[in-house]
Amino acid sequence: MSQSSVDLPPKGGFSFDLCKRNDMLTQKGLKAPSFLKTGTTIVGLIFQDGVILGADTRATEGPIVADKNCEKIHYMAPNIYCCGAGTAADTEAVTDMVSSQLRLHRYQTGRDSRVITALTLLKKHLFSYQGHVSAALVLGGVDISGPHLHTIYPHGSTDTLPFATMGSGSLAAMSVFEAKYKEGLTRDEGIKLVAEAICSGIFNDLGSGSNVDICVITKGHKEYLRNYMEPNPRTYVSSKGYTFTKKTEVLLTKITPLSERVKVVEVAGEAMEE
Amino acid sequence: MTFTIPIDNGDAVKNAEADSQRTLYPYVTGTSIVAIKYKDGVLMASDMGGSYGSTLRYKNIERIKAIGKHSLLGASGEISDFQEILRYLDELILNDNMWDDGNSLGPKEVHNYLTRVMYNRRNKFNPLWNTLVLGGVKKGKSYLGMVSMIGVSFEDNHVATGFGNHLARPILRDEWHADLSFEDGVKLLEKCMRVLLYRDRSAINKFQIAKITEEGVTISQPYSLTTFWEFQAFHNPTAGAQGSW
């Protein structure tokens, strides 16, 4: 019997080389990563002219609020935006990566990006990492074939829906949608419903909080309404302002307006556009 | 005479079968209960399903029962434990009636009794696997409270158990207000039950709504809610994204 140990090139599909090692680690007590539903409420809905996306603005690190006003609605293309729930680094990295892939594709084809392109790029990436990239996304946009709304789960499965919610506050938001969604909503009705759903998540889920961000995408036009609603303002800040204790001796008072020292230049809308 | 000898498996720390007399997991379970206070008393709604794991085994379980003259008890969780609790309460009410002194146990008293029972069982690591909702009216005052399987007990204007916590509570917090009329109360409950029907896998479309007022208890006949599945987007969801779902 001859022993043939030939190193065959990988033919595609799955490689099961690490299964034995993973089994050994599980026996030793290492737990495989499970689906992480972290503090967020993100929603999307289709209305008569396009898509409206909504998100809360709280980023949590366990029980602590790490960022009170973060941005969860990420830019993918001028006509496509994506809300992300899960590990913040994962959602940022994966949306940035697919956004640049879409831009290169636009240069090559000379056409506007389609939502299913973004969908397929995202789901291929997430599936190949078998759920370890913990990003749960609500992808919405309007392209040549109409408005589209999809949800993408960390393991790579997708859903195409008229209204969708993700994150730990998804049940609270979904209860609002299930009770109040109808087809053919106008822009104002849609924004109101999305804001209501996010508020439901903010007030009923501990992992979501702070403000409501909204993004309205229609054919050829988009509106990113950052902090559309701020239902959690800081209250009880003293109206008297700060005063020094009475015993402090004031030696000199000199006020220099900052505009003399520094020139502020408005860069015309380049931040997130092409 | 026969005696049943209790199984003595020894010390629970050293012997794995020693805890074979404790409740470890529920078998036949009921899903959520939603209840609200309204103008004349308390309204409570539940579906009539009993699931055996992921099978819908029983479709005719009444999970809301009248207790004495002044209370309604609704339970989610293990059905056999609910039946046991009904036996305890039966005994309690019977003994109360035997005093024949014109007094009767009101909802607050029954709630307190249930809290003690649930907490006591939890301390012995042998819980009654239920979340109970107790509503009632006595001398014109309505009462609505909840006890969980670990003995957490409180009273409120509106309560929900199980999935109702996540799906019905946001709606109730938004839309409940004092002095709801009977019709508005029923509409609010039906709104919650409909969302639960859409989004809770163990819910079935067969409900009972129970009402308790100063006059007494009425538990409705089973009925079903209308559901809407005709969204255009559901007809051909992947028209724009061939190959996905």
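It should be emphasised that the depicted structure is a prediction, and the values quoted were computed from it without experimental measurement.

(A) Broad picture of the overall build of chain A. What chain A contains, in helices and strands, is six helices and twelve strands. Sequence-distant contacts in chain A: of pairs separated by 6 or more residues, those separated by 24 or more amount to 63%. When the accessible surface of chain A is split by element, carbon and sulfur atoms take 56% of a total near 17,100 Å².

(B) Looking closely at the environment of Met76 of chain A. Looking at where Met76 of chain A falls in the secondary structure, it is placed in strand S5 (residues 73-77). With near-sequence residues (within four places) excluded, Met76 of chain A lies in contact with Tyr81, Cys82, Thr95, Val98, Ser99, Leu102, Ala118, Leu122 and Leu139 of chain A.

(C) Representation of a nonpolar patch on the surface in the model. All names here are of chain B. A surface patch of nonpolar side chains, about 460 Å² in accessible area, is lined by Leu24, Tyr25, Tyr27 and Tyr52. Its location among the elements puts Tyr52 in strand S4 (residues 50-52). Using a relative accessible area of 45% as the deciding quantity, one classes Tyr52 as partly exposed.

(D) Inspection of helix H4 (residues 170-180) of chain A at higher detail. Burial of H4 of chain A is extensive: nine of the eleven residues sit out of reach of the surface. For H4 of chain A, every residue scored as buried is listed here: Ser170, Leu171, Ala172, Ala173, Met174, Ser175, Val176, Phe177 and Glu178 of chain A. Those residues of H4 of chain A that are buried lie in contact with strand S1 (42-47), strand S10 (163-166) and helix H5 (187-204) of chain A together with helix H3 (164-167), helix H4 (169-175) and helix H5 (182-199) of chain B.

(E) Just the UniProt feature "active site" (unreviewed entry) in chain A, in detail. All names here are of chain A. Within the UniProt annotation, "active site" (unreviewed entry) is assigned to Thr40. Judged by relative accessible area, Thr40 falls into the buried class, the value being 4%. Those residues in contact with Thr40 that sit more than four places away from it in its chain are Asp56, Lys72, Gly84, Ala85, Met166, Gly167, Ser168, Gly169, Asp205, Gly207 and Ser208.

(F) The arrangement of the packing of aromatic side chains in detail. Under the defined criterion, the tally for this structure stands at eleven aromatic pairs over all chains. Aromatic pair Tyr38 of chain B and Phe182 of chain B: ring centres 6.1 Å apart, planes at 55°, arrangement tilted. On the criterion of sequence distance, the pair formed by Tyr38 of chain B in the loop between strand S2 (33-37) and strand S3 (41-47) and Phe182 of chain B in helix H5 is long-range, its members being 144 residues apart. Judged by centre distance (5.6 Å) and plane angle (70°), the ring pair of Phe231 of chain B and Phe234 of chain B falls under edge-to-face. The class for Phe231 of chain B is buried, based on a relative accessible area of 7%. Through a chain of ring-to-ring contacts, three or more aromatic side chains come together here, namely Phe163, Phe177 and Tyr181 of chain A together with Phe228, Phe231 and Phe234 of chain B.

(G) Structural context of the side chain of His74 of chain A. All names here are of chain A. Structurally, the position occupied by His74 is in strand S5. A relative accessible area of 9% means that His74 is categorised as buried. Apart from residues no more than four positions distant in its own chain, His74 is found in contact with Tyr81, Cys82, Gly84, Thr91, Glu92 and Thr95.

(H) The arrangement of the confidence of the model for chain B in detail. Residue-level pLDDT values for chain B average 90, and 90% of them are 70 or greater. S2 of chain B holds the highest mean pLDDT among the elements of chain B, 97, whereas helix H6 (residues 232-235) of chain B holds the lowest, 80.

(I) Main features of the interface of chain B and chain A. Contacts between the two partners involve 23 residues from chain B and, on the opposite side, 26 residues from chain A. Taken together, both faces of the contact between chain B and chain A bury some 1,900 Å²; the carbon and sulfur share is 63%. The interface formed by chain B and chain A includes two salt bridges. For Lys180 of chain A, the salt bridge goes to Glu175 of chain B, with nearest N and O atoms at 3.5 Å. At the level of secondary structure, the elements contributing two or more residues to the side of chain B that touches chain A comprise H3, H4, H5 and H6 of chain B. No other element matches H4 of chain B, which puts five residues into the side of chain B that touches chain A. Residues belonging to the side of chain B that touches chain A are distributed by class as follows: twelve nonpolar, five polar and six charged.

(J) Examining the pairing of strand S8 (residues 130-138) of chain B more closely. Residues and elements named next belong to chain B. For S8, a buried count of seven out of nine residues is recorded, marking the element as mostly surrounded by other parts of the structure. The pairing of strand S7 (residues 71-78) with S8 spans seven bridges and is antiparallel. Counted as the bridge partner of Gly77 is Asn130 from S8. Hairpin geometry of S8 and strand S9 (residues 141-147) is characterised by an intervening segment of two residues between the two adjacent antiparallel strands and by a positive phi of about 50° at Lys139.

(K) Inspection of the packing of H4 of chain A against H5 of chain A at higher detail. Residues and elements named next belong to chain A. For the pair H4 and H5, the least separation of the axes is 7 Å and the interaxial angle reads 145°. By crossing handedness, the relation of H4 to H5 is classed as right-handed. Taken together, the residues of H5 that come into contact with H4 (itself represented by Ala172, Ala173, Val176, Phe177 and Lys180) are Leu193, Val194, Glu196, Ala197, Ser200, Gly201 and Asn204.

Quick notes on the rules
Residues numbered from 1 in each chain as written. Chains lettered and ligands numbered in written order. Predicted model: local features only at pLDDT ≥ 70, side-chain atom pairs only at ≥ 80, totals over all residues. Heavy atoms only, no water. Helix = DSSP H or I, 4+ residues; strand = E, 2+ residues; numbered from the N terminus. Contact = heavy atoms within 4.5 Å. Areas by Shrake-Rupley, 256 points an atom, 1.4 Å probe, with all protein chains shown as cover. Patch = residues over 30% accessible without salt bridge, like charges linked within 9 Å, V, L, I, M, F, W, Y side chains within 5 Å. Salt bridge = Lys/Arg side-chain N within 4 Å of Asp/Glu carboxyl O. Buried < 20%, exposed > 50% of the residue type's maximum accessible area, 1.4 Å probe, protein only. UniProt positions renumbered as here; feature names shortened; annotations may be inferred. Phe/Tyr/Trp six-rings, centres within 6.5 Å; stacked < 30°, edge-to-face > 60°. pLDDT = per-residue confidence, 0-100. Buried area = accessible area lost by both parts, 1.4 Å probe. Nonpolar A, V, L, I, M, F, W, Y, C, P; charged D, E, K, R; others polar. Pairing = 2+ DSSP bridges. Axes fitted to C-alpha atoms, helices over the stretch in contact; angles between N-to-C directions. Left-handed = near helix turned anticlockwise from the far one by under 90°.

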